Each structure stands twice: as structure tokens, then as C-alpha cells.
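One-letter residues, chain by chain:
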Amino acid sequence: MKLFLKKCPGISEPEVEIRYSERTEAIDNLVRAVNQSSDTIFGIKENGDREMIYITGILYFEAVDRDVFAYRAQGVYRVRSTLYELEEELRDRFFVRISKSVIVNIKAVSSISPEDSRRVKLRLNNGEYLIVSRGYVNNFREAIGMKGGRSK
């Protein structure tokens, strides 16, 4: 596959053209990745300012009391969605629920190690650690393509 980038000062937004002789799963994955790269969500900063944040830049979502927070390397944002809504919306975008209160971006995981009591410890790209609860280990393994994931 070849990639060409061309600066075009006269256009108002980036354009992507994909050329192929036969539509394959790789082409479909590429289209999905391009579409998802621009997906955003409103985040509310601690000072109340609203900011559009890219989904791909979110490390994980966490529910604390009645609020849900999006954690990025650059900060924490409150979001107006429930964890359940986010789980449904982001299911096909590399996010998986790892506990009752956390959904993680599996693209942000740098290492995985076993913990006691059948739990799994995740190290994220920013150095933070998260624990995959016992009840969510099979779902996590399935999401990352490891053996032992529950079959659907």
C-alpha cells in the first residue's frame, strides 16, 4: 500500500481518496480508521470550559459517583454520557469495558501482566495502571484477540 500526502492550501477540510482494484477487508478497515479518526466528543474541563476532544486521544473513561470522566494524556474532562452509552457507542472503536466503572482504549495499552485472583494489570502509554476486574477479563481478552476470550 502506498501513501501520498499533498498540501492543498485552498481546501477547507482534509480530503481522503482511497484507490483500489478490489474492495477487501483491509480497505474496509482503512475506511473505518479514517472515519473514526475525526470522531469527537464534548469534554468539560475543571474550570467549566467546553472542548471538543478526539475519541482516539482518550486513554480511558471512568465513572465516579454520578459523573463520567474522559482521561487523556493532556488532562481530564467530564463528559455528559453514561458509561453504558459510551460502551455501546465505542464498542467497535477499540474501547472495551474492564470493570464496573472503567472503559479503556485498547490502543492506549502498552503492556499487560497477570495479577492475583484472575485479574489483569494494564499499563497505559502515559504510565498509568488500570486493573481489569475478574468479571471482565474474558471480554478484554476477546477484544485484544487473546485466547480464552468468550466466543460470541
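Description of the structure in this document.

Rules used throughout
Residues numbered from 1 in each chain as written. Predicted model: local features only at pLDDT ≥ 70, side-chain atom pairs only at ≥ 80, totals over all residues. Heavy atoms only, no water. Helix = DSSP H or I, 4+ residues; strand = E, 2+ residues; numbered from the N terminus. Contact = heavy atoms within 4.5 Å. Pairing = 2+ DSSP bridges. Axes fitted to C-alpha atoms, helices over the stretch in contact; angles between N-to-C directions. Salt bridge = Lys/Arg side-chain N within 4 Å of Asp/Glu carboxyl O. Buried < 20%, exposed > 50% of the residue type's maximum accessible area, 1.4 Å probe, protein only. Core = buried A, V, L, I, M, F, W, Y, C linked by side-chain atoms within 4.5 Å.

### What to know about the overall build of the protein chain
Here comes step 1: The number of helices and strands found in the protein chain is 3 helices and 10 strands.
Here comes step 2: The linear arrangement of helices and strands in the protein chain, starting from the amino end, is α-β-β-β-β-β-α-β-β-β-β-β-α.
Here comes step 3: On the principal axes, the C-alpha backbone points of the protein chain span a range of 55 × 45 × 25 Å.
Here comes step 4: Considering only intrachain contacts with a sequence separation of at least 6, the fraction spanning at least 24 residues in the protein chain is 32%.

### Details of the sheet that holds strand S10 (residues 129-132)
Strand pairing in a sheet relies on backbone hydrogen bonds, with the paired strands running either antiparallel or parallel.
Here comes step 1: Spatially, the 3 strands line up as an open sheet ordered S8-S9-S10, and their pairing is antiparallel. Strands at the two margins of the open sheet, each flanked by one partner only, are strand S8 (109-114) and S10. Pairwise comparison of adjacent strand axes, ignoring direction, gives a mean angle of 25° for this sheet.
Here comes step 2: One ladder, built from 5 bridges, connects S8 with strand S9 (residues 120-124); its direction is antiparallel. Within S9, the position partnered with serine 113 by the bridge is lysine 121.

### A closer look at the pattern of salt bridges
Here comes step 1: Enumeration according to the criterion identifies 8 salt bridges in this entry.
Here comes step 2: Its salt-bridge partner being arginine 97, residue glutamate 87 comes within 2.9 Å of it at the nearest N-O pair. Taken together, the residues glutamate 87 in helix H2 (residues 83-90) and arginine 97 in strand S6 (residues 95-99) connect sequence positions 10 residues apart. Of the two residues, glutamate 87 and arginine 97, neither departs from the other in class, the shared state being buried.
Here comes step 3: Salt-bridge contacts for arginine 91 lead to glutamate 88; the nearest nitrogen and oxygen are separated by 2.7 Å.
Here comes step 4: Using a relative accessible area of 42% as the deciding quantity, one classes arginine 91 as partly exposed.
Here comes step 5: By relative accessible area, which is 40% here, glutamate 88 ends up partly exposed.
Here comes step 6: Taken together, the salt bridges that share partners define one network made up of Lys45, Glu51 and Arg72.

### Some remarks on the nonpolar core
Here comes step 1: One finds Tyr60, Ile98, Val104, Leu122 and Phe140 to be the most contacted residues of the largest nonpolar core, which totals 17 residues.
Here comes step 2: When residues in this core are grouped by element, the largest group, 3 residues, is from S9.
Here comes step 3: Listed in part, the 14 residues of the second largest apolar core include Ile53, Ile58, Val68 and Val79.

### Some words on the environment of arginine 32
Here comes step 1: The topology assignment puts arginine 32 in helix H1 (residues 25-37).
Here comes step 2: Among the residues examined, arginine 32 registers a relative accessible area of 40% and is labelled partly exposed.
Here comes step 3: It is 29 Å that separates the C-alpha atoms of arginine 32 and isoleucine 131, two residues lying 99 residues apart in sequence.

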